[in-house]
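# Understanding the architecture of this molecule
Residue strings, one per chain:
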There are 2 protein chains.
Amino acid sequence: MAARRVAEGQPGLPGVVDQVLQGDCLELLPQLPEGSVDLIFADPPYNLQLQHELLRPNRSVVDAVDDDWDQFESFASYDDFTRAWLTACRRVLKPSGTLWVIGSYHNIYRVGAILQDLGFWFLNDVVWIKSNPMPNFRGVRFTNAHETLLWCKRAPDAKGIGFNYHEMKAENGGKQMRSDWYFPLCGGAERLREADGTKVHPTQKPLALLDRIVRASSQPGDLVLDPFGGVGTTAVAALRNGRRWLLLEREPRYVVAARERLARETARLHVPLQAVGG
Amino acid sequence: MAARRVAEGQPGLPGVVDQVLQGDCLELLPQLPEGSVDLIFADPPYNLQLQHELLRPNRSVVDAVDDDWDQFESFASYDDFTRAWLTACRRVLKPSGTLWVIGSYHNIYRVGAILQDLGFWFLNDVVWIKSNPMPNFRGVRFTNAHETLLWCKRAPDAKGIGFNYHEMKAENGGKQMRSDWYFPLCGGAERLREADGTKVHPTQKPLALLDRIVRASSQPGDLVLDPFGGVGTTAVAALRNGRRWLLLEREPRYVVAARERLARETARLHVPLQAVGG
DNA sequence: GTTTTTCATGAATCCTCGG
DNA sequence: TCCGAGGATTCATGAAAAA
């Protein structure tokens, strides 16, 4: 059982790193040792609160995110949930560790305020600007073309934050990396799909986004934790950059997809590059 | 006195529109008629964590301290202040009116959560991306290259929101205007300066930013209110686009600068275009 | 085989008015 | 307050189909 294996993995979590643990993060996080994680990336439910069906101009129906895991009764219940998982994350974070959260305008303002209330200290807010967002079909608002990332440390006086400034600067053509990041949506070959072509996960994030986060804010050998692991994009980014990783995920079908994906990635890393094919 | 003149100007505020009223917005807003304003733009104080300039709800200065308890106190007092002015703004807003707030990561997450708690409903969040931001001199974070704007209506079921979709689409080369806006910082001839070259206002916003906001979310003849009027950029944008305007501003030196600026603008509008000089 | 056209789709808080 | 009619409304990408 996952719970026992987690409890055995101390210190440094040797028994559970590089694994996908199935379960609710509110149950699993308390079993991890305090101060054991270098970097946390979290993509929590957004609480979209969709009211009606939305039609495209050609009268087809938009496939909206209406999964059970995104349903909350009220702002208050969403806030309670947010406080709970952020508090649990803060406990397992090293004093020098940092945490990222991604969200949209539906939830990110609540998350940001709660982060501050819990004692986290913002390092940056970063905007992921989408080159190919979904349009506003009714022509009644601006195209919602970005999502927001919050990057923070554990406390205002936390020291020893590892920010790979020069690597980011080099990636940005020799100029300081800015808070506006440009990536397309996750699609094409990168998007995990069932045999019938449907999305495995409704909100799979682009690997390039996670790759930049991992390389900017962790060092080789660090432990990267994702409490809402989904189909494992965070772990793939960690693996490819020589970081250890740990995913928590509640939905069995996402756990299966993530484990298969990570197995493929691990095999791929052990094959000479020229044999992988281009 | 400002207070008496405000009280006289009902309904439709004929006595006070197109004026800069000197005074605290928490005192002036309650004197305005309920449901009389079409559009509000607010650029509230950001100085949440400058350690020496913490504000109470009445905007008096709190003695700064460093420990966690006082940090919480500063958040709480900023929240009280934010709730107070947003509640007062909501009262004067027409049912079909909308409100914009601009902020940075220091304050915008608290503002956003409070907006939701007060019943406002987000239409968009928009990021102002700066072509020439201040670099991060220490090389320890990403260049903070954007600020955030929240656009919301008075309530989830509010109807009749005027969004000039086609004008925005035309401005964006025939494609829907997106939530990422690109403007340089306010500088050059646009930046108001004292005789000795120092800035009149530390955070004067680019006129192009306010111009887009006014044209996107109000109609000619509408009344535009800015409760933190500063040196009057919102009013200039309103004036140039045929909207009525009303500024509230507490600092006498900003009031003077704004009145002089608006007088120049008004004179400019009454001179044939070719005589203005290009 | 190559190029062009068609079509599906992505974290979406997406209308207004009259009866 | 609810319901139905009327009317205005989409961009980038990639895969599939057609030329």
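Residues numbered from 1 in each chain as written. Chains lettered and ligands numbered in written order. Predicted model: local features only at pLDDT ≥ 70, side-chain atom pairs only at ≥ 80, totals over all residues. Heavy atoms only, no water.

### Some points on the overall build of chain A
Scanning chain A for helices and strands turns up nine helices and eight strands. Taking 19 Å as the expected radius of gyration for a compact globule of 278 residues, we find that chain A reaches 19 Å, a close match to that expectation. Considering only C-alpha atoms, chain A reaches an extent of 55 × 50 × 45 Å along its principal axes. Relative to its 278 residues, chain A shows a buried fraction of 56%. Long-range contacts, defined here as pairs at least 24 residues apart, represent 72% of the contacts in chain A between residues at least 6 apart. Per element, the accessible surface of chain A, about 12,300 Å² overall, is 52% carbon and sulfur. For chain A, the centre of its 33 positive side-chain charges and the centre of its 33 negative side-chain charges are spaced 5 Å apart. (Helix = DSSP H or I, 4+ residues; strand = E, 2+ residues; numbered from the N terminus. Rg over C-alpha atoms; globule rule 2.2 N^0.38 Å. Buried < 20%, exposed > 50% of the residue type's maximum accessible area, 1.4 Å probe, protein only. Contact = heavy atoms within 4.5 Å. Areas by Shrake-Rupley, 256 points an atom, 1.4 Å probe, with all protein chains shown as cover. Lys, Arg positive; Asp, Glu negative; His and termini not counted. Charge placed at Lys NZ, Arg CZ, Asp CG, Glu CD.)

### Regarding the pairing of strand E3 (residues 93-103) of chain A
Residues and elements named next belong to chain A. Counting buried residues in E3 gives eight out of eleven residues, a clear majority hidden from the surface. Bridge count between strand E2 (residues 37-42) and E3: five bridges; the pairing is parallel. Bridged to Ala42 within E3 is Val101. Following the backbone out of E2, through helix H3 (residues 75-92) and into the adjacent parallel E3, one traces a crossover that is right-handed. Where E3 meets strand E5 (residues 146-153), six bridges bridge the pair, whose relative direction is antiparallel. Following the sheet pairing, Val101 is matched in E5 by Leu150. (Pairing = 2+ DSSP bridges. Right-handed = clockwise from strand over helix to strand, strands pointing away.)

### Topic: the protein's contact with DNA strand D
For DNA strand D, the set of nearby residues contains 14 residues, the closest of which are B:Tyr165, B:His166, B:Lys169, B:Lys175 and B:Gln176. Backbone atoms, meaning sugar and phosphate, make up 58% of the atoms of DNA strand D lying within 4 Å of the protein. At 3.1 Å, a side-chain N or O of A:Arg138 approaches a base nitrogen of DNA strand D. The separation between a phosphate oxygen of DNA strand D and a polar side-chain atom of B:Lys175 is 2.9 Å. Looking at the surface near DNA strand D residue by residue, the class counts come to five nonpolar, six polar and three charged. (Near = heavy atom within 4 Å. Polar contact = N/O pair within 3.5 Å; in protein donor to acceptor, adjacent residues only side chain to side chain. Nonpolar A, V, L, I, M, F, W, Y, C, P; charged D, E, K, R; others polar.)

### Quick notes on the sheet that holds strand E1 (residues 19-22) of chain B
Residues and elements named next belong to chain B. What the eight strands build is an open sheet, ordered E1-E10-E9-E2-E5-E7-E6-E8; its pairing is mixed. Looking along the sheet, the strands with just one partner apiece sit at the ends: E1 and strand E8 (180-183). Pairs of neighbouring strands in the sheet enclose a mean axial angle of 20°, with direction left out of account. Direction of pairing for strand E9 (residues 223-226) relative to strand E10 (residues 244-249): parallel, over a ladder of four bridges. (Axes fitted to C-alpha atoms, helices over the stretch in contact; angles between N-to-C directions.)

### Describing the relation of the copies chain B and chain A
Each copy superposes on the other: chain B lies on chain A with an RMSD of 0.4 Å after a rotation of 180° and an axial shift of 0.0 Å. Such a turn and shift between the copies fits a two-fold axis. Among all C-alpha atoms of chain B, that of B:Tyr109 lies closest to the rotation axis, at 2.2 Å. When you check the interface residues of chain B against chain A, 96% turn up at the interface there too, and the contact is symmetric in its surfaces. (Least-squares fit on C-alpha atoms with pLDDT ≥ 70 in both.)

### A look at the state of the cysteines
Residues and elements named next belong to chain A. Tallying each qualifying case throughout the model produces zero disulfides over all chains. Distance from the sulfur of Cys25, which forms no disulfide, to the nearest cysteine sulfur (Cys89) is 6.4 Å. For Cys25, a relative accessible area of 3% gives the class buried. (Disulfide = S-S within 2.5 Å.)

### Side note on the pattern of salt bridges
Here the structure, examined in full by the defined rule, presents 30 salt bridges over all chains. Residue B:Asp38 pairs with B:Lys94 through a salt bridge whose shortest N-O separation is 2.8 Å. Of the two residues, B:Asp38 sits in strand E2 (residues 37-42) while B:Lys94 sits in strand E5 (residues 93-103), which places them 56 residues apart along the sequence. Assessed through its relative accessible area of 11%, B:Asp38 is described here as buried. With its nearest N and O atoms 2.9 Å apart, the salt bridge here joins B:Arg212 to B:Glu171. Of this pair, B:Arg212 sits in helix H6 (residues 207-217) while B:Glu171 sits in helix H5 (residues 165-171), placing them 41 residues apart in sequence. On the basis of relative accessibility, which here comes to 10%, the residue B:Arg212 falls in the buried class. Ionic contacts of the salt-bridge type, sharing partners, join the residues A:Glu167, A:Glu171, A:Asp211, A:Arg212 and A:Arg215 into one network. (Salt bridge = Lys/Arg side-chain N within 4 Å of Asp/Glu carboxyl O.)

### Side note on the interface of chain B and chain A
Each partner contributes residues to the interface: chain B has 50 residues there, and chain A has 48 residues. Around 4,400 Å² of area is buried between chain B and chain A when both sides are counted, 55% of it from carbon and sulfur atoms. Per-residue buried area on chain B facing chain A is highest for B:Tyr109, B:Arg141 and B:Phe142; these three make up 21% of the total on that side. At the junction of chain B and chain A, the tally comes to 31 residue pairs in polar contact (both at pLDDT 80 or more). For the side of chain B that touches chain A, the secondary structure elements donating two or more residues are helix H3 (68-92), helix H4 (108-117), strand E6 (121-130), strand E7 (146-153), H5 and E8 of chain B. The leading source of residues in the side of chain B that touches chain A is E6(B), at nine residues. Its residues assigned to classes, the side of chain B that touches chain A comprises 26 nonpolar, 16 polar and eight charged. (Buried area = accessible area lost by both parts, 1.4 Å probe.)

### Comments concerning the packing of aromatic side chains
Across all of its chains, the model carries 29 aromatic pairs over all chains by this definition. Cluster of aromatic residues (ring-pair linked, three or more members): A:Trp100, A:Trp151, A:Phe163, A:Tyr165, A:Trp181 and B:Phe142. Here A:Arg90 stacks its cationic end above the ring of A:Phe120, 5.5 Å away from the centre of that ring. The ring centre of A:Trp181 lies 5.0 Å from the NZ or CZ of A:Arg212, which sits over that ring. (Phe/Tyr/Trp six-rings, centres within 6.5 Å; stacked < 30°, edge-to-face > 60°. Lys NZ or Arg CZ within 6 Å of the ring centre and 35° of its normal.)

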